[in-house]
Amino acid sequence: MTRPIPTRRMLIPLLAALPVAVGSKGLYALVAKPRRGTAETRSVQLAAFGGGPTVADNSGAMRAALAALTARGGGVLEIGAGTHRFASSALRNAGVALPSGVTVRGAGRTATRLQVTGTTSCNLFVAPDRNRIAIEDLAIIGNNVASDGTSDGSGAAIRWILTPAATGDMTDFAVRRVHLENFRGPYWLDVQNVGDGKRRFEMRAIALEDISFTSRAGNAINPGDVRFNSAAVCVNGSGGPVRDVAVSGLAGDARHIKTGLILYQQIIGARLERLRIANAGREGASDDAGAYAIQIYDSLYRMRSIALSDPVVTDPRSVGIYVAGATDVAIVNAVVSGQTDRRADTLPKGAIVFNGTRRWHLDGAELRGNWRDLDIVTPTERADGSGPNGRVENVTASGSQNGVSLFRSVGLGASGTAFANCSWHSRAQTVLLKGGQRPAAQQRVAMAEPDEAILFEDCRLQADNGFRALEIGSDPGLAGTAITLRRCTLSGSNPLYAKGHLAPLTVDDCTVRDLGTTNGAAAATLIDCRKLDVRNSRFQSPGRDGIGLNLSGSAGSLHGLQFPGTSRPLSSPGAGLRLGSFAPRRAAQA
């Protein structure tokens, strides 16, 4: 399958197809690059204030230069080439405070290096409640010291924060062409709306462009505890909304930390482009401890309108792209390979995970060599708008142990999931559909009318010998879910399996082929399924005494079926089956 060529023109209709309640201005803000920057009519040189590569501590010189710019109404602080040292004992948590209206600019991230020295926990740049700030063209090297495993206040290269003391919104913050290395805070670049929970001031217009990072041994704090983060970049709206976020060209090796990028709570309108995250948590975390290369998380559904295009994630430990509790998320042309963590004790695992996400769209992904490619947990309540809650289109996946796990959460009105034009070839089970235990009060509602639809259309699902291509679990929480397969090809050992499915199960114009390695196997085993509609499909089981359809205890209708190379077309058809206008027939052996 040819992957779509990524373009912004492709991304806009994907978002427009979702019922995003942001209006025309909100959608434009999401896909159009905003104007940002600081006035550059005035500039000063760090060297003019006694700073430079030969100075043991440049903290005082930088503070003096920034004070001079503030007196002039803002401007640009130029830092020349060379390694400029900053004593951690002179920085501490307060760091170098950046005033509003300034740009700190080096001569290039390979030419200008800001090196934190000493063994005191500290931050380098801190800008509380300040606006119109930019940091460009330099590298910042930390000292790998944090105060403790819980503090958000130290161990960062850059912190732009809205504090409880803020008197208004904050706007215009940019970091461009900057390299980060060897920090030990929860977030190396920390954009955070702390807020006071009452006045609800906002942060707006954040541009993080072409940022690179390198982790070193010991950079992760509490690497085995899922409650603690260790990320290169975090944009955090826990204390109030953060709007209009653009992250492009973020690239780095997260081997000794957990995460490349985190979007956390109340991010409204984010455009993420060309992220390249390698080895997240491989040596800086443990299984089931939160090693997610890209994490998009909101526990209260306040995050919305997130567009992620062309990410490449290699060898993540637990999850490549983790999306939880957000609304209106589009992921285009993702490439994720080498995910290994199979422990799902705390949270689901896979190359890409949608955990309780509303209205999401995955298009054009390429998934290779993962323990699991895609893990979906549906939300417990329906999002506003019609149509399926999630869409998976144009995905190619191969060489992974497992393909898709879809867990239907228990709840009233959880909406459906659609798969279209996808090709999955797994070493073990390809697709597993399952559901939680439904409370008795909801049981009758589910049985009376299906409240969720799962659709597979124009898909190829292939499992290696000994494994099923599609298994539909008998869990009570799945029993009220209508499932449709249309124009799909399934192959494996007993490739299509369902037991005790009480809602409509439709198989239309499909080809199902058992690999024929087990005597007496069936192409499809549909046991105790009460509302079957199987039509115009082909079932092949070439093994000795192979069975086309095992329908023990099932009810429904069969129309226009073929059984090429199959010894027994039907087994245990049961009294509840209607053969329809055409009785099943065995076609000539191919």
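Residues numbered from 1 in each chain as written. Predicted model: local features only at pLDDT ≥ 70, side-chain atom pairs only at ≥ 80, totals over all residues. Heavy atoms only, no water.

Identification of the chain as Right handed beta helix domain-containing protein from Sphingomonas psychrotolerans is taken from an unreviewed UniProt entry.

(A) Main features of the overall build of the chain. Scanning the chain from N- to C-terminus turns up five helices and 49 strands. Here the chain, with 590 residues, has 60% of them falling under the buried criterion. Contacts spanning at least 24 positions in sequence make up 78% of the contacts within the chain whose residues lie at least 6 apart. Taken as a whole, the chain presents about 21,000 Å² of accessible surface, with 48% of it coming from carbon and sulfur. (Helix = DSSP H or I, 4+ residues; strand = E, 2+ residues; numbered from the N terminus. Buried < 20%, exposed > 50% of the residue type's maximum accessible area, 1.4 Å probe, protein only. Contact = heavy atoms within 4.5 Å. Areas by Shrake-Rupley, 256 points an atom, 1.4 Å probe, with all protein chains shown as cover.)

(B) Representation of the nonpolar core. If you look at the biggest cluster of nonpolar residues, it comprises 124 residues, and the most contacted ones within it are Phe 125, Phe 419, Trp 424 and Leu 526. Formed by five residues, the second largest nonpolar core is a distinct cluster that contains Tyr 292, Tyr 322, Ala 324 and Val 353. (Core = buried A, V, L, I, M, F, W, Y, C linked by side-chain atoms within 4.5 Å.)

(C) Structural view of unusual backbone geometry. Even without being a glycine, Arg 274 presents a positive backbone phi close to 55°. Structurally, Arg 274 can be placed in the loop between β17 (267–273) and β18 (276–278). Since its relative accessible area comes to 38%, Arg 274 is described here as partly exposed. Of note in the backbone geometry, Asn 421 takes a positive phi value of approximately 55° without being a glycine. Positionally, Asn 421 belongs in the loop between β32 (417–420) and β33 (423–426). Since its relative accessible area comes to 36%, Asn 421 is described here as partly exposed.

(D) Up close: the side chain of Thr 163. By secondary structure assignment, the location of Thr 163 is in the loop between β9 (158–162) and β10 (170–181). In contact with Thr 163, other than residues within four places in its own chain, are Pro 128, Asp 129, Val 194 and Gly 195.

(E) Quick look at the environment of Gly 320. Relative to the helices and strands, Gly 320 is located in strand β22 (residues 319–324). Between the alpha carbons of Gly 320 and Tyr 292 there is a distance of 5.7 Å; along the sequence they are 28 residues apart. Beyond its immediate chain neighbours, meaning those up to four positions away, Gly 320 contacts Ala 293, Ile 294, Val 313, Val 336, Gly 350 and Ala 351.

(F) Focus on the pairing of strand β28 (residues 372–377). Burial analysis of β28 places six of its six residues in the buried class, which makes it a mostly covered element. When strand β25 (residues 350–355) meets β28, the two strands line up parallel, connected through four bridges. Paired with Val 353 across the two strands is Asp 375, which belongs to β28. Sheet topology note: the β28/strand β31 (residues 402–408) ladder contains five bridges and is parallel. (Pairing = 2+ DSSP bridges.)

(G) The arrangement of the pattern of salt bridges in detail. Inspection of the entire model under this criterion finds 29 salt bridges. The salt bridge partner of Asp 375 is Arg 372, with a shortest N-O separation of 3.1 Å. Salt bridges sharing partners connect three or more residues here, namely Glu 78, Arg 105, Glu 136, Arg 176 and Glu 209. (Salt bridge = Lys/Arg side-chain N within 4 Å of Asp/Glu carboxyl O.)

(H) Quick look at the pairing of strand β12 (residues 203–214). Burial within β12 is extensive, with nine of its 12 residues counted as buried. In the sheet, β10 pairs with β12 via 10 bridges, with the strands oriented parallel. Opposite Phe 173, over in β12, you have Ile 206 as the bridge partner. Here β12 runs beside strand β14 (residues 242–248); their pairing, made up of six bridges, is parallel. Paired with Ile 206 across the two strands is Val 245, which belongs to β14. Here β12 pairs with strand β15 (residues 251–253) via three bridges, running parallel. In the strand pairing of β15, Ser 212 is matched with Ala 251.

(I) Fine view of the state of the cysteines. According to the stated counting rule, one finds zero disulfides in the structure shown. Cys 422 takes part in no disulfide bond, and the closest cysteine sulfur, belonging to Cys 459, lies 4.5 Å away. Here Cys 488 stays free of any disulfide, with the sulfur of Cys 510 as its closest cysteine sulfur at 4.8 Å. Of the residues examined, Cys 488 reaches a relative accessible area of 2% and is grouped as buried. (Disulfide = S-S within 2.5 Å.)

(J) Inspection of the confidence of the model for the chain at higher detail. This prediction gives the chain a mean pLDDT of 86; 83% of its residues lie at or above 70. Scored below 50 in pLDDT, residues 1–40 makes 82 contacts in the model with residues more than four places away or belonging to other chains. Considering only residues more than four positions removed or in separate chains, one finds that residues 438–451, a stretch of pLDDT under 50, has 27 contacts. (pLDDT = per-residue confidence, 0-100.)

(K) Representation of the packing of aromatic side chains in the model. Taken as a whole, this structure holds eight aromatic pairs when the rule is applied. Counting every residue linked through ring pairs, the aromatic cluster contains Phe 183, Trp 188 and Phe 213. Just above the ring of Tyr 301 sits the side chain of Arg 358; from NZ or CZ to the centre is 3.8 Å. One cation-aromatic arrangement involves Arg 468 over Tyr 497; the distance from NZ or CZ to the ring centre is 3.8 Å. (Phe/Tyr/Trp six-rings, centres within 6.5 Å; stacked < 30°, edge-to-face > 60°. Lys NZ or Arg CZ within 6 Å of the ring centre and 35° of its normal.)

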